[in-house]
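Inside the fold
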Amino acid sequence: MHLQSHHRKALRRISLTPLADLVFILLVFFILETSFVEFREVAFKVPDEPTKASHAEGESLSIQVFPGGKLWIDGESLALADLSQWLLRQQFSAETAVILQAEDSVSLQILVEAMDLLRAQSLPRVQIQALGD
Amino acid sequence: MFDLGSQHDRKKLSDDNMLPVINMTFLLLLFFIVVGNFSENYMKDIAPPESSSQVLRQEAEELSLSADGTLWWRGEATTLSNWASQLQAEGQAVPVRVSLRADGQTPAATIIPLIDELRLLKVTRLALVTVNSPGQY
């Protein structure tokens, strides 16, 4: 009896402070190292021919992309924001290959936005090319 | 003035008071372990483009491209030919599908020659890593 009581007292004397310290350190580590960003992807086929001269087989649509999201399609100037409406009017089939011909200084963000809009209109066959000379 | 009890009682009291704090901290710790993910965050200065894509990034050999055109692999600056030879030195072939974590501000003049080089290395599919557009989760 006496021994048991002594043992319990000894256990109670173990301080919780080091445990709390350690848990806090682990917490800070996990807060700093973990990320909650979920990355997505936009995948496309790498063209079989050099990206400057290739032409897609079958039905194709060439879109010239300029900085700031300005587009030039079939002799028509268009803003990126109006691309969806334009595509809706044209009624392209899902098999249509779309070639984005980007001017050198066009940012990847603009190209990805254009690809997003094309995919939203069921045009997944997209290639990126340099704007021809 | 006040009787705070013996030193032993005070210590016991202070330890008992810490229990909710420790419980809470453990819960937070578990939350971060379970919900957070350890991404390869050595490329934190690369801000991938925003997109509305709902396709989660698939596991693939990943290259990073900063806005200034520097190519990175496993946290080290490299070139595509070096990358291919390093893969070969490790006994691996150049994968047909490559993931590219490029900065959203990278100009087309940097991206397009890179796509051409990947084509020469027999890469057939390129996945651009993106993040959700704001307000889209």
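Scroll up a little and you will see the structure.
Keep in mind that what you see is a predicted model, and the values were worked out from it rather than measured.

Next up on the list: the sheet that holds strand β4 (residues 76–79) of chain A. Taken together, the five strands give an open sheet; going across it, the order is β4-β3-β2-β5-β6 (chain A), and neighbouring strands pair in mixed fashion. The open sheet has two free edges, formed respectively by β4 and β6 (126–130) of chain A, since each of these has just one partner strand. Averaged over all pairs of adjacent strands, the angle between their axes in this sheet comes to 30 degrees, without regard to strand direction. Alignment of strand β3 (residues 70–73) of chain A against β4 of chain A, held across four bridges, turns out to be antiparallel. Counterpart to Trp72 of chain A in the pairing with β4 of chain A is Ser77 of chain A. Contacts from helix α4 (residues 108–120) of chain A reach β2 (60–66), β5 (97–102) and β6 of chain A, with the element oriented near 160 degrees to β5 of chain A. Lying on the sheet, helix α3 (residues 108–120) of chain B is in contact with β5 and β6 of chain A; it crosses β6 of chain A at an angle near 110 degrees.

Moving on to the environment of Gly75 of chain B. Relative to the helices and strands, Gly75 of chain B is located in the loop between β3 (71–73) and β4 (76–78). For Gly75 of chain B and Asn37 of chain B, which are 38 residues apart along the polypeptide, the C-alpha to C-alpha distance reads 18 Å.

On the side of chain B, 51 residues touch chain A, which itself brings 42 residues to the contact. Among the secondary structure elements, those contributing two or more residues to the side of chain A that touches chain B are α2 (17–33), β1 (40–45), α4 and β6 of chain A. Here the side of chain A that touches chain B takes nine residues from α2 of chain A, the largest share from any one element. Residue composition of the side of chain A that touches chain B, grouped by class: 25 nonpolar, eight polar and nine charged. In this sheet, strand β6 (residues 125–132) of chain B lies alongside β1 of chain A in antiparallel orientation, the contact comprising six bridges. If you follow Glu41 of chain A over to β6 of chain B, its bridge partner there is Val129 of chain B.

As a further point, take the nonpolar core. In this structure, Val65, Leu100, Ala102 and Leu111 of chain A together with Leu100 and Leu126 of chain B are the most contacted members of the largest nonpolar core, which totals 43 residues. Per element, the largest residue contribution to this core is seven residues, and it comes from α4 of chain A. With near-sequence residues (within four places) excluded, Ala102 of chain A lies in contact with Val65, Leu111, Ile128, Ala130 and Leu131 of chain A together with Ala108 and Ile112 of chain B.

In this section: the environment of Ser77 of chain A. Residue and element names in this part refer to chain A. In this structure, Ser77 sits in strand β4. Note on Ser77: 11 C-beta atoms within 10 Å, which makes it exposed. Placed 29 residues apart in sequence, Ser77 and Val106 show a C-alpha to C-alpha distance of 16 Å. Excluding residues within four positions of it along the chain, Ser77 makes contact with Lys70 and Trp72.

Before going further, it helps to spend a moment on α3 of chain B. For an α-helix the count is 3.6 residues per turn, leaving residues at separations of three or four pointing the same way. Compared with an ideal rise of 1.5 Å per residue, which puts 13 residues at 18 Å, α3 of chain B spans 18 Å between its outermost C-alpha atoms and is within 8% of the ideal. Check the buried side of α3 of chain B and you find it contacts β5, α4 and β6 of chain A together with α2 (80–89), β5 (97–102) and β6 of chain B. Where α3 of chain B ends, the next residue or the one after it, Lys122 of chain B, has phi of about 70 degrees, a positive value.

Parameters and conventions
- Residues numbered from 1 in each chain as written.
- Chains lettered and ligands numbered in written order.
- Predicted model: local features only at pLDDT ≥ 70, side-chain atom pairs only at ≥ 80, totals over all residues.
- Pairing = 2+ DSSP bridges.
- Helix = DSSP H or I, 4+ residues; strand = E, 2+ residues; numbered from the N terminus.
- Axes fitted to C-alpha atoms, helices over the stretch in contact; angles between N-to-C directions.
- Contact = placed C-beta atoms within 7 Å.
- Nonpolar A, V, L, I, M, F, W, Y, C, P; charged D, E, K, R; others polar.
- Core = buried A, V, L, I, M, F, W, Y, C linked by C-beta atoms within 7 Å.
- Buried ≥ 20, exposed ≤ 12 C-beta atoms within 10 Å, placed from the backbone.
- Expected span 1.5 Å × (residues − 1).

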